[in-house]
Amino acid sequence: MPVHDLTPDDVAHALAEDRILLVDVREPHEVAMARIPEAVNLPLSQFDPAAIPDPQGKMVVFLCAAGVRSIHASEAAQAAGLPYDSHMAGGLKAWAMAGHGFERG
């Protein structure tokens, strides 16, 4: 199943325009250290695509630390029949390197 790469700039623009639901699949201890405030946390270790909140017409985009787990989450969602096929390439590391803000624990 194809997973579409979005850049941190793509995600930042979409967040600013309220066009995406950002789902962070990192573990709670990772989120406690650094997080994007708008993101919903659903750890990949316990990932259930049915637990993804209703995006209310928004695009669902997965996020992790470096962009690997977010691909797995997108694939799992698609395997469950959901049309969620996008992730932020490079994850939170790329987000920070692009100069976008985040909260530290």
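That block above? That's the structure.
Everything numeric in this text was worked out from a predicted model, so none of it was measured.

Participant: Before we go on, may I ask you to explain the pairing of strand β2 (residues 20-24) in this structure?
Facilitator: Sheet faces and side chains relate simply in a regular strand, where the side chains alternate between the two faces. Counting buried residues in β2 gives five out of five residues, a clear majority hidden from the surface. With burial as the criterion, each face of β2 is covered, one bearing I20, L22 and D24 and the other bearing L21 and V23. Inspection of the sheet shows β2 paired to strand β5 (residues 59-63) by five bridges, in the parallel sense. Note on β5: the bridge partner recorded for L21 is V60.

Participant: Just to check I follow, could you spell out the environment of H72 for this structure?
Facilitator: Structurally, H72 is set in helix α3 (residues 69-79). Judged by relative accessible area, H72 falls into the partly exposed class, the value being 42%. Counting along the chain gives 15 residues from H72 to H87, while the straight-line C-alpha distance between them is 9.6 Å.

Participant: Explain unusual backbone geometry here, please?
Facilitator: Excluding glycine, residues mostly have negative phi values, and the peptide bonds linking residues are mostly trans. Phi is positive for D18, which is not a glycine, with a value near 55°. Position of D18 among the secondary structure elements: in the loop between α1 (8-16) and β2.

Participant: Hey, could you run me through the pairing of β5 in this one?
Facilitator: Counted residue by residue, β5 has four buried out of five residues, so it is predominantly covered. Assessed by its sense of winding, the connection that carries the chain from β5 through α3 to strand β6 (residues 86-88) is right-handed.

Participant: Explain the pattern of salt bridges to me, please; I cannot follow it from the model alone.
Facilitator: Between side chains of opposite charge, a pair can form as their charged atoms come close. Counting across every chain of the model gives five salt bridges. Here R26 ties to D24 by a salt bridge, and the two come within 2.7 Å at their closest N and O atoms. The two residues R26 and D24 agree in class, both being buried. The salt bridge partner of E30 is R69, with a shortest N-O separation of 2.9 Å. Taken together, the positions of E30 in helix α2 (residues 28-33) and R69 in helix α3 put the pair 39 residues apart, joining distant regions of the chain. With a relative accessible area of 16%, E30 lands in the buried category.

Rules and cut-offs
Residues numbered from 1 in each chain as written. Predicted model: local features only at pLDDT ≥ 70, side-chain atom pairs only at ≥ 80, totals over all residues. Heavy atoms only, no water. Buried < 20%, exposed > 50% of the residue type's maximum accessible area, 1.4 Å probe, protein only. Helix = DSSP H or I, 4+ residues; strand = E, 2+ residues; numbered from the N terminus. Pairing = 2+ DSSP bridges. Right-handed = clockwise from strand over helix to strand, strands pointing away. Salt bridge = Lys/Arg side-chain N within 4 Å of Asp/Glu carboxyl O.

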